[in-house]
Amino acid sequence: MDGSFVSIAEKDTYLRFLKFGQREDKRGAFEFRDWKILYGKDSGVCVAYLGNVTIQCSVKVLPKRTNKPNQNRGISKIDLSVSEMSYSKFQPSRQSLRTLRKQLRQHIKASIFWSKCVDDEALCISRGKAIFQVNVSVEVIHADGNLFDATCLAVVACLLTTQPRSQG
């Protein structure tokens, strides 16, 4: 089991919160977390804050030669860092961190790249000769719930300011 199931006790707790129109963190049902994005000097760099979650992100788009004669799509590479020190309320196990990293990577791939937020066909420079590779680096500085939304917010913010770079 990968931890994606909710126990009956947790389900009852969440249903109780919903019944009273309140969330676990004492916010109302329609209250949103505060958010802020700070951009770096370089393009494609930012720090995103969503509630008590802090995510540092950078995106680089680099040209890359390809040997595949029919390749007409760019590629993406996601580097994700989540350490035990990111959590202030509890100490996660190494296995749960591995699972979290895998789920976050899949979530970023699905919500950013598979959803066509980034058009991978537009990342083709010359069919079968050269493409762009999108390198996404995400580091969780402080984790306090809602990592999926916070990482997507940071990645999209970086993508909006990223300029393709020449290799050199």
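Since we're looking at a predicted model, the values are computed, not measured.

Asker: What exactly am I supposed to notice about the nonpolar core here?
Answerer: In a soluble, globular protein the nonpolar side chains are often hidden away together inside. Ranked by internal contacts, the top residues of the largest apolar core, which has 33 residues, are Cys57, Val136 and Leu147. Looking at this core, the elements that each hand over two or more residues are β2 (45-50), β3 (53-65), β4 (75-82), α2 (94-114), β6 (130-142) and α3 (147-161). Take this core: its biggest share by element is eight residues, from α3. The contact partners of cysteine 57, leaving out residues within four places of it in the chain, are Gly44, Val45, Cys46, Val136, Ser137, Val138, Ala154, Val155 and Cys158.

Asker: Even after reading the chapter, I still don't get the environment of serine 43, so can you show me in this structure?
Answerer: Its location among the elements puts serine 43 in the loop between β1 (35-39) and β2. By relative accessible area, serine 43 is classed as partly exposed at 24%. With 17 residues separating them along the chain, serine 43 and lysine 60 place their C-alpha atoms 8.5 Å apart. In this structure serine 43 touches Val59, Thr161, Thr162, Gln163 and Arg165, once residues within four positions along its chain are discounted.

Asker: Explanation requested: the layout of surface pockets in the structure shown.
Answerer: Over the atoms a probe the size of a water molecule is rolled, and this reveals where empty space is left. Put simply, the second largest pocket is a space of about 160 Å³. Lining of the second largest pocket is provided by Val61, Cys117, Val118, Leu123, Val134, Val156, Leu159, Leu160, Thr162, Gln163 and Pro164. Take the lining of the second largest pocket: its biggest share by element is three residues, from α3. The class makeup of the residues in the lining of the second largest pocket is nine nonpolar, two polar and no charged.

Asker: Please explain unusual backbone geometry as it appears in this structure.
Answerer: As a rule of thumb, non-glycine residues mostly have phi less than zero, and peptide bonds are mostly trans rather than cis. Located in the positive-phi region is lysine 116, a residue other than glycine, with phi close to 70 degrees. With respect to the element layout, lysine 116 can be found in the loop between α2 and β5 (124-126). What makes lysine 116 partly exposed here is its relative accessible area of 45%.

How each quantity is defined
Residues numbered from 1 in each chain as written. Predicted model: local features only at pLDDT ≥ 70, side-chain atom pairs only at ≥ 80, totals over all residues. Heavy atoms only, no water. Core = buried A, V, L, I, M, F, W, Y, C linked by side-chain atoms within 4.5 Å. Buried < 20%, exposed > 50% of the residue type's maximum accessible area, 1.4 Å probe, protein only. Helix = DSSP H or I, 4+ residues; strand = E, 2+ residues; numbered from the N terminus. Contact = heavy atoms within 4.5 Å. 1 Å grid on protein atoms, 1.4 Å probe; cavity = no way out; pocket = protein on both sides within 12 Å on 5 of 7 lines; lining within 4 Å. Points joined across faces, edges and corners; volume = space filled by probe spheres on them. Nonpolar A, V, L, I, M, F, W, Y, C, P; charged D, E, K, R; others polar.

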